[in-house]
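# Survey of secondary and tertiary structure
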Amino acid sequence: MRELTYADSLREALREEMLRDPNVILLGEEIGVFNGVYKATRGLLDEFGPDRVKDTPISEIVIAGAAVGMALAGLKPVAEIMYMDFLPICMDQLCTQAAKMRFMSGGQLKVPMVLRTQYSLGRQHGSQHSQFTPAWFLQVPGLKVVTAATPHDAKGLLKTAIRDNNPVLFLECGLLYRTKGPVPEEEYTIPFGKAEVKRKGDDVTIVGISRAVGEAITAATKLEEKGISAEVIDPRTLQPLDIETIVESVKRTSRLIIACDDIKTAGVGAEISATVQESAFDYLDAPIQRVACALTPIPFSPPLEQMYMPNADRIIETATNMIGK
Amino acid sequence: MNHMPEVVMPRLDPGMQTGKIVEWLKKEGEQVKKGEPILVVEGEKTTFEIEAPETGLLTKIMAKPGDDIPVTQAIAIIGEPSIKPEAQPTPTTPSQLPTSTPAPTPSPSRLQIIASPAARRLAQEQGVDISQVTGSGPGGRITSDDIMAATKKTATQTVTQTRGPLILKRSKLEGIRRAVAERLSYSARNVVPVTITMEADATTLVALKEKESHIAFTALAVRAIAKSLEKHLIVNSALEGDEIVTYSQINVALAIHTDQGLVAPVIQNTNKKTLREINFEINELAEKARANRLTIENLTGGTFTVTNLGAYDVESFAPIINPPQCAILGLGRIAYKPVAVGSQVASKPSTLLTLVFDHRIIDGVPAARFLQEIKSNLENAEGLL
């Protein structure tokens, strides 16, 4: 199979959906003339023209607010927010307006918009340009939250997001844009709410989110040399969350680690851990563990940032301690 | 098993919250025998002697006379029997010596064993005694692997170990269940019950019930009992200490089953109430009982109890007396039965009335006369209106 980068795979999804549906409109900072900071929109302005690829002012409120308006008016906007750290600026548009309108209008209104954004942990972008905060948005009913970990999943999930009639927060990872992976040439989409078992195993289940999926797979490979068989699961969408696949796995392995680049306190791992023990308490051989970030601003210093980030070694250490080998 | 049995403040009445210590009959350091009275407690209506739950040394008294102690709170500790046998001044006769039993090996409690939830579940499913398993997990935690290993080991042994049946759940003896257990055990230990049974023709009862369908049989029975008690007040008595107390007030209590357990709310001044009032009050009490909203007033002051299992096809039964009351009436079902009328056999509705009375308080003849009165009242049901 041909290989594409994560960024090119996203670009292909955008292009295919723009060809498929004339209502799909892109908007965001530097996505047109500059071809996108991460090159996910490279060449699209030339191909589709300024009516469908819109460079916006540096105002996240405008981007998100315009997207909500476009969606209400019948278009299918795909807006890009350059850093996930800027989402608080458009919290009202996204969480209070977009996510609620369908419910408050009794289904008379639809808000079919996608808000794409990325987090840059590990790229020395400092405390205000590195955060991964998916859990904030898991408390917003009406909002779907997607995390893509591979080029293949990035394309399939983005196409599903664009076709969805509800607001979708599509979370990309800055460190993954240049990574390559197999992407089929033929058309495919990936359904929301269906986790993927990336690797089978018997001794411990590792749920990875976004970049941590790759770290979990690396960890599982090394754990195998120690005689520990790890299963790796990527939920792919956090809202809706495929808890059944995780619980089914934990019932077999009796141990669970959740690895995620967010802050450990009240993070994605906390939510998954709490939900899993509700259904699988009597199947656990060890307390559920989270491999995530400390409750501190992300350090700019490269060695400190490396120490701060979850990685395969930390997952390995956690798994070994849990099993006692 | 506990090495040091505690004496706790018992619940002598379903509504009882606390009990007052009147006096200690034994001193700290004295030997006590199981079943021997060791202190006097004042309950809601009367005082009770509390017996030692075990034989042993009364090692500690934790409440003094006058103290108001919440029910189930420990008030004394009874230690090992004959801790210092050589200290006994003179050899006692063998019958007075507490039987010396070997100290039981303490089985570690569930909490002392460090085992994962998965291991505990597997151990129960596989019938493995988890206290015999060594843990291989971090900190010695027993994991599901350890249980599986133990299962394999057991399987290779020649003799299969006997074990108890699988347990669905364990629930603490508490609340109403505990009150029922304590009250009825007290009754079974102390009362001298005699049971007498009489058949009553229910023709007029059934006819009345057809006319007044909203009136429950139980209400008719309660009314018949109240009227009968008026004429046979001796049955409306209780044994308090060494006194028989006969009440002028007639308060019939009614046993009601709830999801939490059995309660016996009281219809105060039953004989002063009409059949309709009684019927209404029974419905009200039953509703309150099911909603767990009965007050202490609802639950105290009963002078006689009636219990009806007729709705569950029970023919007749001998209930346990609700102390300190003197008697209880058990009602069976009303059914058509063949009866000899002269030389003919006819079919008539009838029911069996079972009176259990405390022979310490009343004798057989007055009890039988009382039951005849109830029978007569029920057989002439129009008179109950």
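Residues numbered from 1 in each chain as written. Chains lettered and ligands numbered in written order. Predicted model: local features only at pLDDT ≥ 70, side-chain atom pairs only at ≥ 80, totals over all residues.

### Here's the deal with the sheet that holds strand β13 (residues 256-263) of chain A
Residue and element names in this part refer to chain A. Definition in use: DSSP-based pairing: two strands are paired if at least 2 bridges between them are found. Helical segments are the DSSP runs of H or I of at least four residues, strand segments are the runs of E of at least two, and each set is numbered from the N terminus. Under this scheme, a helix contributes an axis fitted over its contacting stretch, all axes are lines through C-alpha atoms, and angles between N-to-C directions fall in the 0 to 180 degree range. A residue pair is marked as a contact if its C-beta atoms, positioned from the backbone, fall within 7 Å.
Spatial ordering of the open sheet is given by β9-β11-β10-β13-β14, a layout of five strands whose pairing is mixed. What marks the edges here is a single partner per strand, and that holds for β9 (196-199) and β14 (289-293). Within the sheet, the average angular offset between the axes of one strand and its neighbour, ignoring direction, is 25 degrees. As defined by bridge partners, β13 adjoins β14 across four bridges and the pair is classed as parallel. If you follow Ala259 over to β14, its bridge partner there is Val291. Helix α6 (residues 211-225) rests against β9, β10 (204-208), β11 (230-234) and β13 of the sheet, and its axis sits at about 170 degrees to β11. This element, helix α10 (residues 312-323), spans β10, β11, β13 and β14 of the sheet and lies at about 160 degrees to β14.

### A closer look at the sheet that holds strand β6 (residues 144-147) of chain A
All names here are of chain A. Strand order in this open sheet of seven strands is β3-β2-β4-β5-β7-β6-β12, and the pairing throughout is mixed. With partners counted over all chains shown, the strands left at the sheet margins are β3 (53-55) and β12 (237-239), one partner each. This sheet shows a mean twist of 20 degrees between the axes of neighbouring strands, independent of strand direction. Sheet strands touched by helix α3 (residues 60-72): β2 (24-28), β4 (76-81) and β5 (114-119). Its angle to β4, the strand with the most contacts, is close to 170 degrees.

### Thoughts on unusual backbone geometry
Formally: Residue burial is a threshold on neighbouring C-beta atoms within 10 Å of the residue's own C-beta, all placed from the backbone, with 20 or more meaning buried, 12 or fewer meaning exposed, and counts in between meaning partly exposed.
Residues A:Gln239 and A:Pro240 are joined by a peptide bond in cis, for which omega reads 0 degrees. Relative to the assigned elements, A:Pro240 resides in the loop between β12 and α7 (243-253). In this chain, B:Pro323 is followed by B:Pro324 through a cis amide linkage whose omega measures 5 degrees. Unlike most non-glycine residues, B:Asn292 shows phi in positive territory, near 60 degrees. Here B:Asn292 shows up in the loop between α6 (275-290) and α7 (296-299). We classify B:Asn292 as exposed; it has 12 C-beta atoms within 10 Å.

### Topic: the packing of helix α5 (residues 217-231) of chain B against helix α8 (residues 364-379) of chain B
Residue and element names in this part refer to chain B. To be explicit about the condition: Should an angle lie under 35 degrees it is considered roughly parallel, over 145 roughly antiparallel, and from 65 to 115 roughly perpendicular; all remaining angles are considered oblique. Left-handed is the label given to a crossing in which the near helix is rotated counterclockwise from the far helix by less than a right angle, and right-handed is the label when the rotation is clockwise. The nonpolar class holds Ala, Val, Leu, Ile, Met, Phe, Trp, Tyr, Cys and Pro. Asp, Glu, Lys and Arg form the charged class, and all remaining residues, Gly among them, are polar.
Remark: α5 packs on α8, axes separated minimally by 9 Å, with the N-to-C direction vectors making an angle of 140 degrees. Between α5 and α8, the interaxial angle falls into the category oblique. Pair α5 / α8 crosses with right-handed handedness. Across the interface between the two elements, Ala224, Ile225, Lys227, Ser228 and Lys231 from α5 touch Phe370, Glu373, Ile374, Asn377 and Leu378 from α8. For the contact of α5 with α8, the residue count by class is five nonpolar, two polar and three charged.

### Some details on the interface of chain A and chain B
Opposite the nine residues of chain A that make contact, chain B presents ten residues. Residue composition of the side of chain A that touches chain B, grouped by class: four nonpolar, three polar and two charged.

### Some remarks on the pairing of strand β18 (residues 335-341) of chain B
All names here are of chain B. A small share of β18 lies buried, amounting to zero of its seven residues. Two elements, β18 and strand β19 (residues 344-358), share seven bridges in a ladder whose sense is antiparallel. Of the residues in β19, the one forming a bridge with Pro338 is Ser347. If you look at the hairpin formed by β18 and β19, you'll find two residues sitting between the two strands, and Gly342 has a positive phi there, around 65 degrees.

### What about the nonpolar core?
All names here are of chain A. For clarity, the threshold we go by: The nonpolar core criterion groups buried Ala, Val, Leu, Ile, Met, Phe, Trp, Tyr and Cys residues into a set whenever they are joined through C-beta atoms within 7 Å.
If you look at the biggest cluster of nonpolar residues, it comprises 115 residues, and the most contacted ones within it are Ala67, Leu115, Ile206, Ala216, Ile315 and Ala319. Counting residues per element, this core draws most heavily on α6, which supplies seven residues. Non-local contacts of Ala67, meaning those with residues more than four positions away in its chain, are made with Leu27, Pro77, Ala79, Met113 and Leu115.

### Overview of the packing of α3(A) against helix α4 (residues 91-104) of chain A
The geometry of a pair of packed helices is captured by two quantities: the angle between their axes and the separation between those axes. Residue and element names in this part refer to chain A. Between α3 and α4, the shortest axis-to-axis distance is 9 Å and the interhelical angle comes to 15 degrees. When the axis of α3 is compared with that of α4, the two are roughly parallel. Considering only the axes of α3 and α4, their crossing is right-handed. Along its contact with α3, which presents Ile61, Ala64, Gly65 and Val68, the element α4 presents Gln93, Leu94, Gln97 and Ala98. A breakdown of the residues in the contact of α3 with α4 according to their chemical character gives five nonpolar, three polar and no charged.

### So, helix α1 (residues 117-126) of chain B
Residue and element names in this part refer to chain B. Condition: Regarding the arc, it is the one traced by the directions from the helix axis to the C-beta atoms.
The set of residues buried in α1 consists of Ala118, Ala119, Leu122 and Ala123. For α1, the arc enclosing every buried residue in end-on projection is 130 degrees, short of the 170-degree limit, so these residues lie on one face. In the segment just after α1, Gly127 is the residue with positive phi, at about 70 degrees.

### Side note on the pairing of β11(A)
Residues and elements named next belong to chain A. Heads up, the condition is: When the strands point away from the viewer and the path from the first strand over the helix to the second turns clockwise, the crossover is right-handed.
Most of β11 sits inside the fold, with five of its five residues counted as buried. The side-chain alternation of β11 yields two buried faces, one formed by Ala230, Val232 and Asp234 and the other by Glu231 and Ile233. Two elements, β9 and β11, share three bridges in a ladder whose sense is antiparallel. By the bridge assignment, Val197 is partnered in β11 with Ile233. Bridge count between β10 and β11: four bridges; the pairing is parallel. Within β11, the position partnered with Val204 by the bridge is Ala230. Once you follow β10 into α6 and on to β11, the crossover reads as right-handed.

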